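# Coordinates in review
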Amino acid sequence: MNNNLQKLIQVSQKENRNIIGLMSGTSLDGLDIALCNISGTGVDTKVSLLQFTTIPYEVTFQEDLKKLLSKQVVDLKHLCQMNQKIGKKFALHINDAIQKWNYKREDIDAIASHGQTIFHAPSCDANTENSTLQIGDGDQIAYHTGILTISDFRQKHIAAGGQGAPLVAYGDYLLFKAPHLARILLNIGGISNCTFIPARADFEQLICTDIGPGNTLIDNWVCAHFNDITFDQNAIIARKGKVNYVLLEQLLSNSFFKKPFPKTTGQELFNLQFVENALNHSKTNNISNEDILATLTAFTANVIINAIDTIVPSDTNFEILISGGGYHNPLIMEYLYNHFDNITIRSTAQLNIHPDAKEAVLFALLANETLAGDPKTFENKGNKNPAVQMGKISFPH
Ligand SMILES: Nc1ncnc2c1ncn2[C@@H]1O[C@H](COP(=O)(O)OP(=O)(O)O)[C@@H](O)[C@H]1O
Ligand SMILES: [Mg+2]
């Protein structure tokens, strides 16, 4: 048997594995690198987050990504080159992180790389296929780190009938199901998503769905209308403005919010044009940028609140566990605390998963399932998440 296969079998038979999870979301803020020790598989999985870092992206790299992200027309040569460039860049950041953490390459059993989403297109009618595209080639990562790499998880989900998103259902179920308490796992990244896990739930009882914009509209408005900043740090600008309720109603009236859960979305819908259209339709173009930002922040929070109110059956005793960069936006959080005043809201840090690391950890868990799990763990008739092992395996040599 060749060495690559031998190593793969050896890794799959270990009692516990060190897996590096990588996440780079649509916010383009940076690469999240989470080193996890994972023992067991399926419902017996236990994870400890050993190390975590976010490597912020350089402005030039962000600009290169923005030429691709959710664009209808792109330069194919640029796309082709970025697929390789991103993979190699991720590999070099991993090598640096491993060294900084005083680990050796041999200590790491596998890398789980989500890649960079550049387009997400859920089917809109019976004649279109679900599709989504993540770039950052896994072979580049495997070759330049010398570590077995699993990447491009979303394609199998689609092949098996899903929308390729959100994939957090699998990891949320393994990590956060609780015997006596229902939970909402809320991730506020560029796009926000949530998983509702009833108490004592089987996988088929989960509801996992995208909600709508997370930080993306706030970030994009700030980038376009304020100099030299890429996000509204601690909501300082939004707090200077007033919510415009005519604009807020217009934003909330989009037909996406009338579609039933679960559903998925991306910046193909929630982008600057979406805001411009709402400003035009509501004839609120004359309000200040601060007021628009205050309104976009209220909108982001309202969409989350409406989703949770719809998804969780009334009279359910539940708690909300938050992750993603939106947790650091105190104004979004204020809206959530005010609305859910009788409900415990905490970050996933309370369960030992740093809120900025959660998504990277969940991809490490998906890789662990691919290496050693049994897809039957996720068998279900009810929700739209197929019972499959996801990701493509790249050997280092
Ligand atoms: N201190 C903060 N104040 C306000 N917003 C913040 C703060 N820290 C992070 N964010 C927001 O979080 C975003 C990054 O969130 P993240 O979960 O990494 O999203 P993604 O998964 O799309 O990369 C930033 O772009 C920013 O909008
Ligand atoms: Mg990010």
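Calculation criteria
- Residues numbered from 1 in each chain as written.
- Chains lettered and ligands numbered in written order.
- Predicted model: local features only at pLDDT ≥ 70, side-chain atom pairs only at ≥ 80, totals over all residues.
- Helix = DSSP H or I, 4+ residues; strand = E, 2+ residues; numbered from the N terminus.
- Near = placed C-beta within 6 Å.
- Nonpolar A, V, L, I, M, F, W, Y, C, P; charged D, E, K, R; others polar.
- Domains from an automatic or database assignment.
- Contact = placed C-beta atoms within 7 Å.
- Core = buried A, V, L, I, M, F, W, Y, C linked by C-beta atoms within 7 Å.
- Buried ≥ 20, exposed ≤ 12 C-beta atoms within 10 Å, placed from the backbone.
- Pairing = 2+ DSSP bridges.
- Axes fitted to C-alpha atoms, helices over the stretch in contact; angles between N-to-C directions.

### A word on unusual backbone geometry
In this structure, Pro 166 follows Ala 165 across a cis peptide bond, with omega equal to -20°. Geometrically, the link from Phe 261 to Pro 262 is a cis peptide bond, its omega value of -5° lying close to zero. In this fold, Pro 262 is placed in the loop between α9 (245-252) and α10 (272-281). For Asp 228, which is not glycine, the phi torsion reads 60° and is therefore positive. Residue position: Asp 228 is located in the loop between α7 (216-225) and α8 (236-240). One non-glycine residue, Asn 352, adopts positive backbone phi at about 70°. By the element assignment, Asn 352 lies in the loop between β11 (345-347) and α13 (358-372).

### Section: the site of ligand 1
Lining the immediate environment of ligand 1, one finds 19 residues, of which Gly 25, Gly 189, Gly 190, Asn 215 and Gly 325 sit closest. Across the shell around ligand 1, the residue classes tally to three nonpolar, 13 polar and three charged. Looking at which domains feed residues into the shell around ligand 1, each of domain 1 (3-165 + 357-394) and domain 2 (168-351) gives three or more.

### Remarks on the domain arrangement of the protein
Interfaces are often sized by the accessible area lost when the parts come together. As far as domains go, the protein holds domain 1 (3-165 + 357-394) and domain 2 (168-351). Each of domain 1 and domain 2 has a C-alpha centre, and these two points are 24 Å apart. Between domain 1 and domain 2, the residue contacts involve 27 residues of the former and 29 residues of the latter. Counting only elements with at least two residues in the side of domain 1 that touches domain 2, the list comes to β4 (110-121) and α13. Ranked by residues supplied to the side of domain 1 that touches domain 2, first place goes to α13 with five residues.

### Topic: the nonpolar core
The nonpolar side chains of a soluble globular protein tend to be buried with one another. In terms of nonpolar packing, the biggest core is built from 94 residues, with Ala 112 and Ala 364 touching the most fellow members. It is helix α11 (residues 289-311) that provides the largest number of residues to this core, a total of 11 residues. Among residues more than four places away in sequence, those in contact with Ala 112 are Ile 19, Ile 20, Gly 21, Leu 22, Ile 150, Phe 363, Ala 364, Leu 366 and Ala 367.

### Side note on the sheet that holds strand β8 (residues 191-197)
Read across the sheet, five strands follow the order β9-β8-β7-β10-β11 without closing on themselves; strand pairing throughout is mixed. Whereas interior strands pair on both sides, the edge strands pair on one side only; in this sheet they are β9 (207-213) and β11. With strand direction ignored, the average angle separating the axes of adjacent strands in the sheet is 25°. Here strand β7 (residues 182-188) runs beside strand β10 (residues 318-323); their pairing, made up of six bridges, is parallel. The partner of Ala 182 across the bridge, within β10, is Phe 318. Where helix α6 (residues 168-176) meets the sheet, it contacts β7, β8, β9 and β10, and its direction lies at approximately 45° from that of β8.

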